[in-house]
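Secondary and tertiary structure notes
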Amino acid sequence: MSDTRPPADDHDLTREPSFTAADVALEERRCLHDGFFRLEALHLRHRLFEGGWSGRMVREVHHRHDAVGVLLYDVERDAVVLIEQFRAGALDDPASPWKLEVVAGLVERGESAAEVARREAMEEAGCEVGELIELHAYYPSPGACDERVTLFCGLVDSRGLGGVHGLDEEHEDIRVHVLPFLRAWELLQTGRLDNAMCLIAFHWLVGERASLRARR
């Protein structure tokens, strides 16, 4: 393949991306596993920043449903609602494979991200969300996975929340914790809250907490 375009050295990233999907030559897509998630091997080449094309390469991609996370925050009580559950991906964690997290779930066909946030808050925490504030949409690991996460803060009334929740058919065993914000921030600082959704959501809340509380 030839490439007559100039190098992208002086590309203005504020205007548009350097390249698009049209700058990738996908030569083969091979399924390696197809279960709850799908694993594919992609044989491809792509354009290079200094012109021309890369050599043929193989990249394995983990295909997942898009996901939604929602940090439940009680403005009146300055408290957050977190959930605790077993995570198979953390089985070899030196401390524990049970993780403290924000409420989260996968987007099913026909659902909006906001609908998932409200549904999962009820399923996992028995909590009804009032105002829902979208924070960020991001790829947790685009080098190996196509999952895109939409993250929210949901304003709630945490009175009476607690106990164990989750769907039996999904083998969920989820314990709910209501914590003062400062206690939760201590847990984050000491490494107890160690997943991307928690870290991103809490750093957002640190910056916005005062203005949220001022609206009471």
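Residues numbered from 1 in each chain as written. Predicted model: local features only at pLDDT ≥ 70, side-chain atom pairs only at ≥ 80, totals over all residues. Heavy atoms only, no water.

Side note on the overall build of the protein
Secondary structure summary: the protein contains three helices and eleven strands in total. Element order for the protein, N to C, with α for helix and β for strand: β-β-β-β-β-β-β-α-β-β-β-β-α-α. Here the C-alpha coordinates of the protein stretch approximately 65 × 40 × 40 Å along the principal axes. For the protein, buried positions account for 38% of its 216 residues. Once local pairs closer than 6 in sequence are excluded, the contacts in the protein between residues at least 24 apart make up 56%. With the model as given, the accessible surface of the protein reaches about 12,700 Å², and the carbon-plus-sulfur share is 51%. Where the 25 positive side-chain charges of the protein centre and where its 40 negative ones centre are 2 Å apart. (Helix = DSSP H or I, 4+ residues; strand = E, 2+ residues; numbered from the N terminus. Buried < 20%, exposed > 50% of the residue type's maximum accessible area, 1.4 Å probe, protein only. Contact = heavy atoms within 4.5 Å. Areas by Shrake-Rupley, 256 points an atom, 1.4 Å probe, with all protein chains shown as cover. Lys, Arg positive; Asp, Glu negative; His and termini not counted. Charge placed at Lys NZ, Arg CZ, Asp CG, Glu CD.)

Some words on the pattern of salt bridges
For side chains of opposite charge, pairing can occur when their charged atoms come near one another. Evaluated as defined, the whole model comprises 22 salt bridges. With a shortest N-O distance of 3.7 Å, Arg119 and Glu123 are connected by a salt bridge. With Arg119 and Glu123 both in helix α1 (residues 113–125), this residue pair falls four residues apart, about one helical turn. By relative accessible area, Arg119 is classed as partly exposed at 24%. It is possible to trace a salt-bridge network through shared partners that takes in Glu27, Glu28, Arg30, Arg45 and Arg56. (Salt bridge = Lys/Arg side-chain N within 4 Å of Asp/Glu carboxyl O.)

Quick look at the sheet that holds strand β2 (residues 38–46)
Spatial strand order, β1-β2-β3: three strands in an open sheet with antiparallel pairing. What marks the edges here is a single partner per strand, and that holds for β1 (24–34) and β3 (57–63). The sheet shows a mean angle of 25 degrees between the axes of neighbouring strands, taken without regard to direction. One ladder, built from seven bridges, connects β2 with β3; its direction is antiparallel. Following the sheet pairing, Glu40 is matched in β3 by Val61. (Pairing = 2+ DSSP bridges. Axes fitted to C-alpha atoms, helices over the stretch in contact; angles between N-to-C directions.)

Overview of the side chain of Gln85
The residue Gln85 is located in strand β5 (residues 79–86) in this model. Not counting residues up to four positions away in its chain, the partners in contact with Gln85 are Pro97, Trp98, Lys99, Glu101, Glu124, Asp173 and Ile174.

Some words on a negative patch on the surface
On the surface, Glu108, Asp168, Glu169 and Glu170 cluster together into a negatively charged patch. Looking at the element boundaries, Asp168 is found in the loop between β10 (164–165) and β11 (174–180). (Patch = residues over 30% accessible without salt bridge, like charges linked within 9 Å, V, L, I, M, F, W, Y side chains within 5 Å.)

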